[in-house]
Amino acid sequence: MNRMTRKIISLALVLMLALSLLPASVFATADSTVPVKAATKAAGTSIQDGVTLHCWNWSYANIQANLDKIAAAGYTAVQTSPVQPLKEGTNSSWSTYQGQWWVFYQPTEFKINTSTNNALGTKAQLKSLCEAAEQKGIKVIVDVVANHLADNGGNNVSSAVPSYLRSNAAYWHDISRNTNNWWDRYEVTQYCMAGLPDLNTGNKDIQNYVLTFLKECVDVGVDGFRFDAAKHIEVPEDTYCSSDFWPTVINGIKSYKSDIYVYGEMLDDTGGVSYDTYTKYMSITDNRWGDNVRESVINGGNAGNFSAYYNTNVAANKLVLWAESHDTYGNDDGASKYDSTQNINKTWALVAARADAMSLYLARPSSMGIKLGTASTNTGWDWEEVVAVNKFHNDFAGQS
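1. Considerations on the environment of Tyr 209
Reasoning step 1: If you trace the backbone, Tyr 209 turns up in helix α8 (residues 204-219).
Reasoning step 2: Along the sequence, Tyr 209 and Ala 146 sit 63 residues apart, while their C-alpha atoms lie 9.6 Å from each other.
Reasoning step 3: Filtering out sequence-adjacent residues up to four positions away, Tyr 209 remains in contact with Phe 110, Tyr 164, Leu 165 and Tyr 171.

2. Section: the pattern of salt bridges
Reasoning step 1: With the rule as written, the count across this model stands at 18 salt bridges.
Reasoning step 2: In this structure, Lys 136 and Asp 68 form a salt bridge, with 2.6 Å as the shortest nitrogen-oxygen distance. Taken together, the residues Lys 136 in helix α5 (residues 123-136) and Asp 68 in helix α3 (residues 67-72) connect sequence positions 68 residues apart.
Reasoning step 3: The class for Lys 136 is partly exposed, based on a relative accessible area of 38%.
Reasoning step 4: Where Lys 69 meets Asp 382, a salt bridge forms, and the shortest distance between an N and an O atom there is 3.3 Å. Placement of the pair is Lys 69 in helix α3 and Asp 382 in the loop between β8 (358-362) and α14 (384-395), with a sequence separation of 313 residues.

3. Regarding the nonpolar core
Reasoning step 1: Trp 58, Ile 70, Phe 225, Phe 227 and Trp 246 are the most contacted members of the largest nonpolar core, which has 99 residues in total.
Reasoning step 2: The element that contributes the greatest number of residues to this core is α8, accounting for seven residues.

4. Notes on the sheet that holds strand β7 (residues 319-322)
Reasoning step 1: Strand order in this closed barrel of eight strands is β1-β2-β3-β4-β5-β6-β7-β8, and the pairing throughout is parallel. Shown here is a sheet whose adjacent strand axes are inclined to one another by a mean of 25°, direction ignored.
Reasoning step 2: As judged from the four bridges shared by strand β4 (residues 224-227) and strand β5 (residues 261-264), these two strands associate in the parallel manner. Bridge assignment links Arg 226 to a residue of β5, and that residue is Tyr 263.
Reasoning step 3: Contacts from helix α13 (residues 341-351) reach β1 (51-54), β7 and β8, with the element oriented near 170° to β8.

Parameters at a glance
- Residues numbered from 1 in each chain as written.
- Predicted model: local features only at pLDDT ≥ 70, side-chain atom pairs only at ≥ 80, totals over all residues.
- Heavy atoms only, no water.
- Helix = DSSP H or I, 4+ residues; strand = E, 2+ residues; numbered from the N terminus.
- Contact = heavy atoms within 4.5 Å.
- Salt bridge = Lys/Arg side-chain N within 4 Å of Asp/Glu carboxyl O.
- Buried < 20%, exposed > 50% of the residue type's maximum accessible area, 1.4 Å probe, protein only.
- Core = buried A, V, L, I, M, F, W, Y, C linked by side-chain atoms within 4.5 Å.
- Pairing = 2+ DSSP bridges.
- Axes fitted to C-alpha atoms, helices over the stretch in contact; angles between N-to-C directions.

This is the structure:
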């Protein structure tokens, strides 16, 4: 270990000690009143090198209305909830985060929603958001659900799914079966997740439907995609259940837009194949690393957070990290549900200081009882310490 390395580690440890000794009031800034401007390098930062605000269940119009504030806080990209049509409306007064956020993960087909009965908004409003974000130097990522479509309870396909999809048996895996062994790749990729009808992603029609949908998103100005349940879609290297879904879809959209950004949700592990079978196509999440950091911040023992290695052993420039996700916060048994915003922001200071990885900040709702589509306020994403960390991240993008 050379002198410079020892000096950096010493400074980092001193910083962490100082943070741990600060009174809670230092981290209790509800909403910054100090004028801030976006970091100078933020506009030119790639999505992978930057920090992304997960505008969880915000409408496109509300994201657009907050773009100046988002840019000032140093975020280089925003991520929306899934933009596909849904099995039921989410734009009524009783459609709350608590009751219906999961509906966004039960789409009915592969196109951008056009109905006004969707809390996120319409295709025209998504296009308007993308155009406004481009003017601010902010990229737009949309969530994509391609592994499954909506259910009707009991492993049945929802009647809201159009008949051209619902009635073609070749478009589905055996939807009567649910995954029980999460280390069995066949079950993970060919069976349902808790009853959600699993698509036959090896089918060429399904692949083309997904690719056409991605192109539609690019045409309205989308800059990147997050694939929900990515590990549940097979890779060419799988035994007995392989398909060319990922090379067909990802190479196809990259041929359409060469600088498109793609990452996949990879929770805990792949269930049996190496991570590089996915990272050749996209970045992936390392949820366990963020979970470990958060637990260390809350329970003490921060030394492990300085490790140069990740749980996946994947290079940082292929990773997406977070302090918490919409699952760890939004699920009834979510691991971060009752963690304070102050501790989330301390975790963020460590997560977003990592070189090369994309860092994703979840904008918690003001309460789980608010209407879907509402932008969150006073929930930590623009507190002063977060803004400072974001700007630190941006200013050192591309450096060690």
